[in-house]
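Close look at the chain arrangement
These are the residues of each chain, in order.
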Amino acid sequence: MMNDTFLRACRGEKTDYTPVWFMRQAGRYLPEYQKIRKKGTFLDLCKTPELAAEVTLQPIDIFGMDAAILFSDILIPMEAMNLTLEFHEGRGPVFPDPVRDQQAVDNLIVPDPDETMPFVMETIRILRRELKVPLIGFSGAPFTLATYLIEGGSSKVFLETKRMMFQAPELYDALLTKITRCTSLYLQAQARAGAQALQIFDSWAGVLAPCDYERFALPYVQSIIRDLRQTTDVPIIYFANNGSTLLGHTTTAGADVLGLDWRINIGDAIRKVGDHAVQGNLDPIALFLPRDELRQRVHRLLDDARDARGHIFNLGHGILPQTPPEQAKIAVDAVHEYSGKKA
Ligand SMILES: Cc1c2[nH]c(c1CCC(=O)O)Cc1[nH]c(c(CCC(=O)O)c1C)Cc1[nH]c(c(CCC(=O)O)c1C)Cc1[nH]c(c(C)c1CCC(=O)O)C2
């Protein structure tokens, strides 16, 4: 029997209880992950379907989340676009050749996802055979992906990205248009392979002024979602991190579900986003609260979200590597018990 509570909540249908999963739920806070990760590099793990599937399943088996998220990374398709991608321990992703001029944009290809990323599609097929909860596929949003390409890795102030927007808007648009096409095809391929929902991560949307978000980030997300609506009916989740001041815009992205970070009260957000389902939004560091306070936090969040047209409990951003696994368990159980899941 398939547990479809998560998919029903995405579509705004009534559910017996509130479904829960955590962004970055497969990862370094789990000793079980560390054990497999030790055998090779992060990119090797992403590209080995049996192992990627195994680490995807770990949090489901350990904590009983209501959805699984494919183990991969938003930057994997950037490699397929013809870029060199490295992960440096302690520093995160690095693109040694940043994309900052016309020639670098011309060098990018729009890859066939089935040919260039067969390991992703194979991981999805393995997972669909093994899972009893829905599988979420994902991508980065074009703006967020572009920041890594233009900056050459992670950034704090995004000077090079904003400089390109403001001083070379045509170059910026050419780059974003290629990333958008790649992402659209990549998500469609994930749905064809068996992904049952798709999440678009816009991790850096919140660094933009609303007028720049509207011009330089939102149209590309809208374009991807329009394409997806032509080819698949899986629910689409759009997570614009640090985006509570952008809700007037993000509601026009075309998604079924809006992901929320923790900087806004979820009840206030629900009043603003009308007929969308919402996903979120516990501060990931609230998982470090003493047990009873953590449980109370979870209860309060569920109370605040009671008028939602669909609520998927999640963190407001990814779970931190330092999180004690037993604290994740307390939160998942609290969501299930308080929202009425039968044992
Ligand atoms: C911005 C971003 C990235 N990747 C991702 C985002 C968007 C979400 C967010 O905002 O957090 C998305 C992502 N990355 C990973 C997943 C797997 C699925 C899951 O959520 O469990 C997902 C959905 C695995 C990962 N992606 C990465 C790891 C750690 C790799 C390791 O094991 O050493 C994992 C498990 C590496 C990664 N990947 C990225 C960074 C900045 C880093 C290094 C920083 C860090 O260490 O947290 C880019």
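Residues numbered from 1 in each chain as written. Predicted model: local features only at pLDDT ≥ 70, side-chain atom pairs only at ≥ 80, totals over all residues. Heavy atoms only, no water.

Heads up, the rule is: UniProt positions are given in the numbering used here, feature names are shortened, and annotations may be inferred rather than shown by experiment.
Per an unreviewed UniProt entry, the chain is named Uroporphyrinogen decarboxylase, and its organism is Desulfolithobacter dissulfuricans. UniProt's Catalytic activity (unreviewed entry) comment on the chain is quoted here verbatim: "uroporphyrinogen III + 4 H(+) = coproporphyrinogen III + 4 CO2". Taken directly from UniProt, the Subunit (unreviewed entry) text for the chain runs: "Homodimer."

1. So, the overall build of the chain
Cut-off, in case you're wondering: Think of it this way: any DSSP run of H or I at least four residues long counts as a helix, any run of E at least two long counts as a strand, and we number them from the N terminus. In this description the radius of gyration comes from C-alpha coordinates, and the expected globular size is given by 2.2 Å times residues to the power 0.38. Using a 1.4 Å probe on the protein chains alone, a residue whose accessible area is under 20% of its type maximum counts as buried, one over 50% counts as exposed, and one in between counts as partly exposed. We call two residues in contact when some of their heavy atoms are within 4.5 Å.
Secondary structure summary: the chain contains 17 helices and 9 strands in total. For 343 residues, the compact-globule formula gives about 20 Å, and the C-alpha radius of gyration of the chain, at 19 Å, lands near that figure. When the backbone C-alpha atoms are referred to their principal axes, the chain occupies close to 60 × 45 × 40 Å. Across the 343 residues in the chain, those meeting the buried criterion constitute 58%. Intrachain contacts of the chain at a sequence separation of at least 6 include 74% that bridge at least 24 residues.

2. Quick notes on the site of the ligand
What counts here: Any residue with a non-hydrogen atom lying within 4 Å of a molecule or strand is treated as near it. Counting of polar contacts relies on pairs of N or O atoms within 3.5 Å, with two restrictions inside protein: one atom must be capable of donating a hydrogen and the other of accepting it, and residues adjacent in sequence are counted only when both atoms are side-chain atoms. Every accessible area reported is derived by Shrake-Rupley at a probe size of 1.4 Å, with residue values counting cover from the shown protein chains alone.
In the vicinity of the ligand, 22 residues are found, and the nearest of them are Arg28, Tyr33, Asp73, Ser203 and His317. One of the backbone nitrogen or oxygen atoms of alanine 26 is found 3.0 Å away from an oxygen atom of the ligand. Aspartate 73 has a polar side-chain atom sitting 2.7 Å from a nitrogen atom of the ligand. The fraction of the free accessible surface of the ligand (880 Å²) that becomes covered by protein chains is 88%.

3. Focus: helix H17 (residues 325-339)
In an α-helix there are 3.6 residues to a turn, and that puts residues three or four apart on one side. To keep it simple, the criterion reads: Helix span is expected to be 1.5 Å times the residue number reduced by one.
Its 15 residues place the ends of H17 22 Å apart at the C-alpha level, agreeing with the 21 Å of an ideal helix rising 1.5 Å per residue. Buried residues of H17: Gln327, Ala328, Ile330, Ala331, Val332, Ala334, Val335, His336 and Ser339, and no others.

4. Brief notes about the environment of alanine 195
Along the chain, alanine 195 falls in the loop between helix H11 (169-193) and strand S5 (197-202). In sequence terms alanine 195 and isoleucine 124 are 71 residues apart; their C-alpha atoms lie 6.6 Å from each other. In contact with alanine 195, other than residues within four places in its own chain, are Ile124, Leu135, Gly137, Gln190 and Val234.

5. Some details on the confidence of the model for the chain
The predicted structure's coordinates, where accompanied by low pLDDT, should not be read in detail. Put simply, the rule is: By definition, pLDDT measures how confident the predictor is in each residue, and it falls between 0 and 100.
Per-residue confidence for the chain gives a mean pLDDT of 97; residues scoring 70 or more make up 100%. Interface confidence in the predicted complex, given as ipTM, is 0.93; pTM for the same model is 0.97.

6. Concerning unusual backbone geometry
Put simply, glycine 280 and asparagine 281 share a cis peptide bond, and its omega is -10 degrees. Mapped onto the secondary structure, asparagine 281 falls in strand S8 (residues 277-282). If you check the backbone angles, phenylalanine 158 has positive phi at about 60 degrees while not being a glycine. With a phi angle near 60 degrees, asparagine 242 is a residue other than glycine that sits in the positive phi range. Relative to the elements of secondary structure, asparagine 242 occurs in the loop between strand S6 (236-240) and helix H14 (247-250). What makes asparagine 242 partly exposed here is its relative accessible area of 32%.

7. Re the pairing of S8
Where we set the bar: Strand pairing requires that DSSP identify at least two bridges connecting the strands. Here is how to tell: hold the view so the strands point away, follow the path from the first strand over the helix to the second, and if it runs clockwise the crossover is right-handed.
Among the 6 residues of S8, 6 are classified as buried, and the element is accordingly described as predominantly covered. Two elements, strand S7 (residues 257-259) and S8, share 3 bridges in a ladder whose sense is parallel. Bridge pairing in S8 places glycine 259 opposite glutamine 279. Note that the unit made of S7, helix H15 (residues 266-273) and S8 has a crossover that is right-handed. Relative to strand S9 (residues 311-315), S8 is paired through 5 bridges, and the arrangement is parallel. Residue asparagine 281 lies in a different strand from S9, and its bridge partner there is asparagine 314.

8. Digging into empty space enclosed by the protein
Note the following rule: Here a cavity denotes grid points, spaced 1 Å and computed from the protein atoms alone, that fit a 1.4 Å probe unable to get out, and a pocket denotes an open set having protein on both sides within 12 Å along at least 5 of 7 lines; residues with an atom within 4 Å of a point are the lining. Grid points are joined across faces, edges and corners, and a volume is the space filled by probe spheres set on the points. Under the grouping applied here, Gly and all other residues not named as nonpolar or charged are polar, the nonpolar ones being Ala, Val, Leu, Ile, Met, Phe, Trp, Tyr, Cys and Pro and the charged ones Asp, Glu, Lys and Arg.
Within the structure shown, the criterion is met by 1 cavity of 30 Å³ or more. The computed volume of the largest cavity comes to approximately 70 Å³. Taken together, Tyr238, Ala240, Gly243, Ser244, Leu247, Thr250, Leu258, Gly259, Leu260, Asp261 and Ile264 form the lining of the largest cavity. If you list the elements that add at least two residues to the lining of the largest cavity, you get S6, H14 and S7. Of the residues contributing to the lining of the largest cavity, the split by class is 6 nonpolar, 4 polar and 1 charged.

9. With respect to the UniProt feature "site: Transition state stabilizer" (unreviewed entry) in the chain
UniProt records the feature "site: Transition state stabilizer" (unreviewed entry) at Asp73, using the numbering of this structure. As for its position among the elements, aspartate 73 is in the loop between strand S1 (68-69) and helix H5 (76-80). Taking the relative accessible area as the measure of exposure, aspartate 73 reaches 14% and is therefore buried. Excluding its chain neighbours within four sequence positions, the residues that come into contact with aspartate 73 are Phe42, Cys46, Phe87 and Phe138.

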